[in-house]
Amino acid sequence: MALLLPQQRLLLELINASGDIAAPETSKDSLLWRTLQECEKSAWIVMNQVAPGFHRVKITEKGRAAIK
């Protein structure tokens, strides 16, 4: 299992505690988007566009296991 960076752990904990979140794509070069992309690449989250400019972010079982 890959080592979680602090910002990845924080994001996964947030999504796990609050349920799915919506992420605006206003700045895809922000720390939030870089972290989302890293987590998606590791299959800890899944994202899909739900409206123009917004993506639904959902934690996976692999993501839940990573924060335990």
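Peer 1: Whenever I open this one, the sheet that holds strand 1 (residues 21–24) confuses me. Can you help?
Peer 2: Sheet strands associate in pairs through backbone hydrogen bonding, adopting either a parallel or an antiparallel arrangement. Strand order across the open sheet formed by 3 strands is 1-3-2, with antiparallel pairing between neighbours. Two strands in the sheet have a free side with no partner beyond their single neighbour: strand 1 and strand 2 (45–51). In this sheet, adjacent strand axes meet at a mean angle of 35° when their direction is disregarded. Across 4 bridges, the pairing between strand 1 and strand 3 (residues 54–59) is antiparallel. Paired with A23 across the bridge in strand 3 is H55. Strand contacts of helix 1 (residues 6–18): strand 1, strand 2 and strand 3, with the helix running at about 85° to strand 3, the strand carrying the most contacts. In this fold helix 2 (residues 31–41) packs onto strand 1, strand 2 and strand 3, with an angle of close to 125° to the strand it touches most, strand 2.

Conventions and cut-offs
- Residues numbered from 1 in each chain as written.
- Predicted model: local features only at pLDDT ≥ 70, side-chain atom pairs only at ≥ 80, totals over all residues.
- Heavy atoms only, no water.
- Pairing = 2+ DSSP bridges.
- Helix = DSSP H or I, 4+ residues; strand = E, 2+ residues; numbered from the N terminus.
- Axes fitted to C-alpha atoms, helices over the stretch in contact; angles between N-to-C directions.
- Contact = heavy atoms within 4.5 Å.

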